[in-house]
Amino acid sequence: MGDLAKILSVSASGMQAQSSRLRHVSENIANADTPGFRRKLISFVESGDGGEVSAGRVSLDRRELQSIYDPGNPLADETGHYDGSNVDLVIEIADAREAQRSYEANLKMFDQARQMSQSLFDLLRK
Amino acid sequence: MLEKLQLVSMAQALASHSSSRLQLIAGNIANADTPGYQAKDLLEFNVDFASVGDQPLRQTRSGHIPSGPEFDESKIVASAFTTPNGNSVSIDIEMAKAVQAREAHTMALSIYQSASSIIRVSLGRG
């Protein structure tokens, strides 16, 4: 019974980590056109001894900023270029898909543990 | 009295093994994106009859309850692949293992239920 209760907290921590990952993905997408914006990366770290996960440090992607040619922009230098962001929408959408899939897998585990403990309680009723 | 029946104690051990296994699986799924995390699993449920035998486990004090077959060795699964960040969890394999654990748990509970209903019938309480 203790194991089943532990599973609920492990799966809940997984869901929380994946939803914070999705939050950073949406922040990146929202700032895809912000000049000078570097996309945020979040890394997970295992916490506790039961397999719980928590969101670790948020770091900035070190890739080069995209150089956009727009002479009319107030930020343009003498060649007419300014630095955009290093957000690639395709990568962000793929990341969002993966976060959703992991979230649903964690939710399935949560539900399965709940049903197993429910069937244990049903034994008492017979 | 029910514990003396080997069938019932095996069913209890299988149910306990399944929920411990599900806890490791939930930990694997929660850490599916953690760098360097290796997937864990339990050894297969295998009762060694030679060691359990017909005698109950020796108790040092009369109040202690003899426990059934023990298993808490978790092993690191040798995975066929690791992602570039060192993670070896495959969500598809974990979901398949979770279904296995769920079915074993259901089977163990059904065995326990039918054993207790047989005893109830023999007591005349149908």
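Presented here is an overview of the structure given in this document. (Residues numbered from 1 in each chain as written. Chains lettered and ligands numbered in written order. Predicted model: local features only at pLDDT ≥ 70, side-chain atom pairs only at ≥ 80, totals over all residues. Heavy atoms only, no water.)

Thoughts on the interface of chain B and chain A
Piece 1. Counting residues at the interface gives 28 residues for chain B and 31 residues for chain A.
Piece 2. Buried surface at the junction of chain B and chain A, summed over both partners, amounts to about 2500 Å²; 60% is from carbon and sulfur atoms.
Piece 3. For the chain B face of the interface with chain A, the top three residues by lost area are Q23, D33 and R102 of chain B, together amounting to 24%.
Piece 4. At the junction of chain B with chain A, the criterion picks out three salt bridges. (Contact = heavy atoms within 4.5 Å. Buried area = accessible area lost by both parts, 1.4 Å probe. Salt bridge = Lys/Arg side-chain N within 4 Å of Asp/Glu carboxyl O.)

Describing the nonpolar core
Piece 1. In this structure, I7 and M109 of chain A together with L22 of chain B are the most contacted members of the largest nonpolar core, which totals 22 residues.
Piece 2. Listed by contribution, the elements that provide at least two residues to this core are helix 1 (2–30) and helix 2 (89–125) of chain A together with helix 1 (6–30) and helix 3 (91–122) of chain B.
Piece 3. With five residues, helix 1 of chain B is the single largest residue contributor to this core.
Piece 4. When sequence neighbours within four positions are dropped, the list of residues in contact with M109 of chain A reads I7 and S11 of chain A together with L22, I25, A26, I29, M95 and A98 of chain B.
Piece 5. Within the second largest apolar cluster, six residues are counted, among which are L123 of chain A together with A15, A104 and A108 of chain B. (Core = buried A, V, L, I, M, F, W, Y, C linked by side-chain atoms within 4.5 Å. Buried < 20%, exposed > 50% of the residue type's maximum accessible area, 1.4 Å probe, protein only. Helix = DSSP H or I, 4+ residues; strand = E, 2+ residues; numbered from the N terminus.)

Let's talk about the pairing of strand 1 (residues 40–47) of chain A
Residue and element names in this part refer to chain A.
Piece 1. Here strand 1 pairs with strand 2 (residues 52–60) via seven bridges, running antiparallel. In the strand pairing of strand 2, K40 is matched with L60.
Piece 2. Hairpin connection between strand 1 and strand 2: a loop of four residues separates the two successive antiparallel strands, and G48 in this loop has a positive phi of roughly 75°. (Pairing = 2+ DSSP bridges.)

Remarks on helix 2 of chain A
Piece 1. If you check helix 2 of chain A, its first and last C-alpha atoms are 54 Å apart, about what 37 residues at 1.5 Å a residue would give, namely 54 Å.
Piece 2. Of all the positions in helix 2 of chain A, only E92, D95, A99, S102, A105, N106, M109, Q112, A113, M116, S117 and L123 of chain A are classed as buried.
Piece 3. Along its buried surface, helix 2 of chain A packs onto helix 1 of chain A together with helix 1 and helix 3 of chain B. (Expected span 1.5 Å × (residues − 1).)

What to know about the packing of helix 2 of chain A against helix 3 of chain B
When two helices pack together, their arrangement is captured by the angle between the axes and the distance separating the axes.
Piece 1. Direction vectors running N to C along helix 2 of chain A and helix 3 of chain B enclose 5°, while the axes themselves pass 11 Å from each other. Relative to helix 3 of chain B, helix 2 of chain A is oriented roughly parallel. Contacts between helix 2 of chain A and helix 3 of chain B pair R101, S102, A105, K108, M109, Q112, Q115, M116, S119, L120 and L123 of chain A from the former with I91, D92, M95, A98, V99, R102, H105, L109, Y112 and Q113 of chain B from the latter. (Axes fitted to C-alpha atoms, helices over the stretch in contact; angles between N-to-C directions. Parallel < 35°, antiparallel > 145°, perpendicular 65-115°, else oblique.)

Some thoughts on the side chain of Q18 of chain A
Piece 1. Along the polypeptide, Q18 of chain A turns up in helix 1.
Piece 2. In this structure Q18 of chain A touches F44, A99, S102, Y103 and N106 of chain A together with D33 of chain B, once residues within four positions along its chain are discounted.

A few points about a nonpolar patch on the surface
Residue and element names in this part refer to chain A.
Piece 1. Among the surface-exposed residues, I29, L89 and I93 lie close enough to one another that they form a single nonpolar patch of about 240 Å² accessible area.
Piece 2. Checked against the element boundaries, L89 lands in helix 2.
Piece 3. For L89, a relative accessible area of 44% puts it in the partly exposed group. (Patch = residues over 30% accessible without salt bridge, like charges linked within 9 Å, V, L, I, M, F, W, Y side chains within 5 Å. Areas by Shrake-Rupley, 256 points an atom, 1.4 Å probe, with all protein chains shown as cover.)

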